[in-house]
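Residue-level structural notes
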Amino acid sequence: MLLFGSMAFVSPQNTTSKKMLRHVVLFKFKDSATPAQIKEVEDAFKKVPTKIKEVKGFEWGINNSPEGLSQGFTHAFFVSFDSEAAREIYLPHPDHKAFVKVLEPHLDKVLVIDYWTQE
């Protein structure tokens, strides 16, 4: 895992030219969420890839765009898979569900987009 400031990236193995399925998740936290609660969510999400073998890459970061177009979304997470079947295992997986339970009390909005990488 590589760490860059507030961003972490787990490099997919042998995927330089291989198409990957990216699961992009953006979070907007409730105004009442404290920094400690947000850190708890970050830490819980960072553990998910270590528990679910179908996850082939994980990257996250905190918005620092100067454009002012984030609409309150502050956190971006990219979860990578080799296949849609792998994503189908991940979504209902007990460790993913446990993370969602940590997140839900502090979440205002979530935006999820999945895509296949293009060259």
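Conventions adopted
- Residues numbered from 1 in each chain as written.
- Predicted model: local features only at pLDDT ≥ 70, side-chain atom pairs only at ≥ 80, totals over all residues.
- Heavy atoms only, no water.
- Helix = DSSP H or I, 4+ residues; strand = E, 2+ residues; numbered from the N terminus.
- Buried < 20%, exposed > 50% of the residue type's maximum accessible area, 1.4 Å probe, protein only.
- Contact = heavy atoms within 4.5 Å.
- Areas by Shrake-Rupley, 256 points an atom, 1.4 Å probe, with all protein chains shown as cover.
- Polar contact = N/O pair within 3.5 Å; in protein donor to acceptor, adjacent residues only side chain to side chain.
- Salt bridge = Lys/Arg side-chain N within 4 Å of Asp/Glu carboxyl O.
- Axes fitted to C-alpha atoms, helices over the stretch in contact; angles between N-to-C directions.
- Parallel < 35°, antiparallel > 145°, perpendicular 65-115°, else oblique.
- Nonpolar A, V, L, I, M, F, W, Y, C, P; charged D, E, K, R; others polar.
- pLDDT = per-residue confidence, 0-100.
- Pairing = 2+ DSSP bridges.

Things to note about the overall build of the protein chain
- The secondary structure content of the protein chain amounts to three helices and six strands.
- Each of the 119 residues in the protein chain was classed as buried or not, and the buried ones make up 35%.
- Long-range pairs, those at least 24 residues apart, make up 78% of the contacts in the protein chain with a sequence separation of at least 6.
- Carbon and sulfur atoms form 55% of the exposed surface of the protein chain, whose accessible area is close to 7500 Å².

Details of the side chain of Ser 80
- Relative to the helices and strands, Ser 80 resides in strand E5 (residues 75–81).
- In this structure Ser 80 comes out as buried when scored by relative accessible area, which is 4%.
- One polar contact links Ser 80 to Arg 22, side chain to side chain, over a distance of 2.6 Å.
- When residues no more than four places from it in sequence are discounted, the contact partners of Ser 80 are Met 20, Leu 21, Arg 22, Glu 54, Val 55, Lys 56 and Gly 57.

A word on the pattern of salt bridges
- Scanning all chains against the criterion turns up six salt bridges.
- Its salt-bridge partner being Lys 28, residue Asp 108 comes within 3.5 Å of it at the nearest N-O pair. Taken together, the positions of Asp 108 in strand E6 (residues 107–116) and Lys 28 in strand E3 (residues 21–29) put the pair 80 residues apart, joining distant regions of the chain.
- Each of Lys 39, Asp 43 and Lys 46 takes part in one network of salt bridges that share partners.

With respect to the side chain of His 23
- Examined against the element boundaries, His 23 turns out to sit in strand E3.
- Overall, the relative accessible area of 6% leaves His 23 in the buried class.
- A distance of 2.7 Å separates polar atoms of two side chains, one belonging to His 23 and the other to Asp 114.
- Not counting chain neighbours up to four residues away, the residues in contact with His 23 comprise Phe 77, Phe 78, Val 79, Phe 81, Tyr 90, Leu 91, Val 112, Ile 113 and Asp 114.

Some words on the packing of helix H1 (residues 35–51) against helix H3 (residues 94–103)
- Their axes nearest at 9 Å, the elements H1 and H3 cross at an angle of 175°. Between H1 and H3, the angle is such that the two are roughly antiparallel. Counted together, Glu 40, Val 41, Ala 44, Phe 45, Val 48 and Lys 51 of H1 and Asp 95, Phe 99, Val 102 and Leu 103 of H3 form the full contact between these two elements.
- Its residues assigned to classes, the contact of H1 with H3 comprises seven nonpolar, no polar and three charged.

Topic: the confidence of the model for the protein chain
- The pLDDT averaged across the protein chain works out to 90; a share of 86% of its residues lies at or above 70.
- Below pLDDT 50 for its whole length, residues 1–9 participates in 18 contacts with residues either more than four positions away or in separate chains.
- Low confidence marks residues 11–15, where pLDDT is under 50. Its contacts with residues over four positions away, or in another chain, come to six contacts.

Structural notes on the pairing of E3
- Within E3, seven of the nine residues are buried, which leaves the element mostly enclosed by the surrounding structure.
- Pairing analysis gives seven bridges linking E3 to E5, with the strands arranged antiparallel. When the sheet's bridge partners are listed, His 23 is paired in E5 with Val 79.
- For E3 and E6, the ladder comprises nine bridges, and the chain directions are antiparallel. Looking at E6, one finds that Arg 22 is bridged to Tyr 115.

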